[in-house]
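Architecture at a glance
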Amino acid sequence: MKGVIIAAGYGTRFLPVTKTIPKEMLPLINKPAIEFIIDEFIKSGIKELLIITSRRKKAMEDYFDKEAELETLFKSENNLKKLDAIKAPEADIFFKRQTEMLGTGHAIMQAEAFIGNEPFIVAYPDDLHFGEVPLVKQLVKKYNETGCSVMSSIHNPPQLERYGVLALAQDGLHVTDIVEKPAKGKEPSKEASIGRYLFTPDIFKYLKEGWEKHIEAGNKGEYFHIYALKKLMDKKKVVFQTIEGERLDIGIPSGFLQAIIKYAKKDSELLAVLKEETKDLWSRA
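Structure report, in brief. Quantities reported herein were computed from a predicted structural model and do not represent experimental measurements. (Residues numbered from 1 in each chain as written. Predicted model: local features only at pLDDT ≥ 70, side-chain atom pairs only at ≥ 80, totals over all residues. Heavy atoms only, no water.)

1. Structural notes on helix α1 (residues 33-43)
Short version of the rule: Here's how the labels work: a residue is buried when its accessible area is under 20% of the maximum for its type, exposed when over 50%, partly exposed in between, all with a 1.4 Å probe on protein chains only. Secondary structure counts use DSSP, requiring at least four H or I residues in a row for a helix and at least two E residues in a row for a strand, with both numbered from the N terminus.
Judged by how many residues are buried, α1 sits mostly within the fold: 10 of 11 residues are covered. Along α1, the residues classified as buried are Ala33, Ile34, Glu35, Phe36, Ile37, Ile38, Asp39, Glu40, Phe41 and Ile42. Gly45 occupies a position one or two residues after α1 and carries a positive phi of about 90°.

2. Brief notes about the pattern of salt bridges
Using the following cut-off: Any Lys or Arg side-chain nitrogen located within 4 Å of an Asp or Glu carboxyl oxygen qualifies as a salt bridge.
Taken as a whole and assessed by the stated rule, the structure comprises 16 salt bridges. One salt bridge connects Glu24 with Lys57, and the closest N-O pair in it is separated by 2.9 Å. One end of the pair, Glu24, is in the loop between β1 (2-6) and β2 (27-28); the other, Lys57, is in the loop between β4 (48-53) and α2 (58-63), and 33 residues separate them in sequence. With respect to burial, Glu24 and Lys57 carry one shared label: buried. The closest approach of N and O atoms between Asp177 and Lys230, which form a salt bridge, is 3.2 Å. Here Asp177, found in strand β10 (residues 175-180), pairs with Lys230, found in helix α9 (residues 226-234); they are 53 residues apart in sequence, far enough to count as distant.

3. Focus on the packing of aromatic side chains
The condition is simple: For Phe, Tyr and Trp, rings pair up if their centres lie within 6.5 Å, where Trp contributes its six-membered ring, and each pair is then called stacked (planes under 30 degrees apart), edge-to-face (over 60) or tilted (otherwise).
What the rule picks out here adds up to 10 aromatic pairs. Taking 5.1 Å as the distance between ring centres and 85° as the angle between the ring planes, the aromatic pair formed by Phe36 and Tyr263 counts as edge-to-face. One end of the pair, Phe36, is in helix α1; the other, Tyr263, is in helix α10 (residues 253-264), with 227 residues separating them in the sequence. With a relative accessible area of 13%, Phe36 lands in the buried category. For the pair Tyr124 and Tyr197, a centre-to-centre distance of 5.9 Å together with 65° between the ring planes defines the contact as edge-to-face. With a gap of 73 residues between them, Tyr124 in the loop between β6 (120-123) and β7 (127-130) and Tyr197 in strand β11 (residues 191-199) connect regions that are remote in the sequence. Neither residue differs from the other here; Tyr124 and Tyr197 are each classed as buried.

4. Description of the packing of helix α8 (residues 203-216) against α9
How we decide: For helices, the fitted line uses only the C-alpha atoms of the stretch in contact; every axis is such a line through C-alpha atoms, and the angle between N-to-C directions lies from 0 to 180 degrees. By the definition adopted for this analysis, an angle is roughly parallel if under 35 degrees, roughly antiparallel if over 145, roughly perpendicular if from 65 to 115, and oblique otherwise. Rotating anticlockwise by less than a right angle from the far helix to the near helix defines a left-handed crossing, while the corresponding clockwise rotation defines a right-handed one. Throughout, a contact is declared for two residues whenever any of their heavy atoms are within 4.5 Å. Charged means Asp, Glu, Lys or Arg here, nonpolar means Ala, Val, Leu, Ile, Met, Phe, Trp, Tyr, Cys or Pro, and polar covers whatever is left, Gly included.
The N-to-C vectors of α8 and α9 enclose an angle of 130°; their axes lie 8 Å apart at closest approach. As summarised for this structure, α8 and α9 are arranged oblique, according to the angle between their axes. For the pair α8 and α9, the sense of crossing is right-handed. Counted together, Ile203, Tyr206, Leu207, Glu209, Gly210 and Lys213 of α8 and Tyr227, Ala228, Leu229, Lys231 and Leu232 of α9 form the full contact between these two elements. Residue composition of the contact of α8 with α9, by class: seven nonpolar, one polar and three charged.

5. As for the side chain of Ser152
Stated precisely, the cut-off is as follows: A 3.5 Å cut-off defines polar contacts: any pair of N or O atoms within that distance qualifies, except that in protein one atom must be a possible hydrogen donor and the other a possible acceptor, and neighbouring residues in sequence count only when both atoms are side-chain atoms.
Here Ser152 lies in strand β8 (residues 149-155). Within the structure, the side chain of Ser152 is placed 2.8 Å from the backbone oxygen of Arg196, a separation counted as a polar contact. Look past the residues within four positions of Ser152 in its chain and what remains in contact with it is Leu135, Leu139, Ala192, Ser193, Ile194, Arg196, Gln241 and Ile243.

6. Here we look at the environment of Leu15
As for its position among the elements, Leu15 is in the loop between β1 and β2. Since its relative accessible area comes to 48%, Leu15 is described here as partly exposed. For the pair Leu15 and Leu50, spaced 35 residues apart in sequence, the C-alpha to C-alpha distance is 26 Å.

7. Observations regarding unusual backbone geometry
Following Leu15, the chain continues into Pro16 via a peptide bond in cis, with omega recorded as 10°. Within the secondary structure, Pro16 is located in the loop between β1 and β2. Backbone geometry at Lys181 places phi at a positive 45°, although glycine is not the residue there. Structurally, the position occupied by Lys181 is in the loop between β10 and β11. Phi angles above zero are rare outside glycine, and Lys236 is one such case at about 60°. The topology assignment puts Lys236 in the loop between α9 and β12 (238-242). Lys236 sits in the exposed class, given a relative accessible area of 62%.

8. Describing the environment of Ser268
Assignment of secondary structure puts Ser268 in helix α11 (residues 268-284). Put simply, Ser268 and Lys190 are 78 residues apart on the chain and 36 Å apart in space, counted from C-alpha to C-alpha.

9. Considerations on the pairing of strand β9 (residues 164-168)
Using the following cut-off: When DSSP finds two or more bridges between a pair of strands, those strands are recorded as paired.
β9 sits mainly inside the fold: four of its five residues count as buried. Of the pairings in the sheet, the one linking β9 to β10 comprises five bridges and is antiparallel in character. Across the sheet, the residue bridging to Leu168 is Val175, located in β10. Where β9 folds back onto β10 in an antiparallel hairpin, the turn is made up of six residues, including Gly172, whose phi is positive at roughly 70°.

Next comes the structure, spelled out in structure tokens:
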């Protein structure tokens, strides 16, 4: 199975830094956000990855390239720790540019030649997952059990009405619809969709069908994958997986700060700094 990461957006919520630095390259201390997604794929056994980028994202290509100059320096110093820090991920990573920002549905269509006729994972890098079992691995397990496309969800998050909420079949497994930002109290379930999907290859047929309708209607805005996803739902080919572990939304600055803190807490030295620098916050509160 192969993986696709959708990373072509502008990252406007993080301006001005994203004028020149891709949002996906913003670091949690010393590790760019997108590398957490790459690690999730690798730990799930998926090592052929396509990143959909745009003209402004060349820094990602450079980051995942071999760093020959530093490698030579650290070898001469016999600095194994730094050599390990700069080594490239154990995966084949390819890049393709989305030349116009035409939405996620259009971006996924760019991956068809890379994917071929196999199931594949799509990841949106605004969602990070911290947990014992990688999220991608959880989706693969559900696919192996059902043979269906799989949507990931979190159960009953705060402000559920701000999400795309899944409508479920009577069997409690298949997804029949997704309702974007339903009115509070009108949510069809407690399952909120997040940015990991496992798609069967027939999604491409419906993506192209929806794209043609989008163009014929004279639409010039973004085209999303929801049309194609609902076509699969109509054929009872979509199930969901409530995730195990913790999902963090780093698409907004407050969520990014939360992720930095949670990552820092894993390191005893950084945790000590965190405790020292925040101890007076509670007394002032």
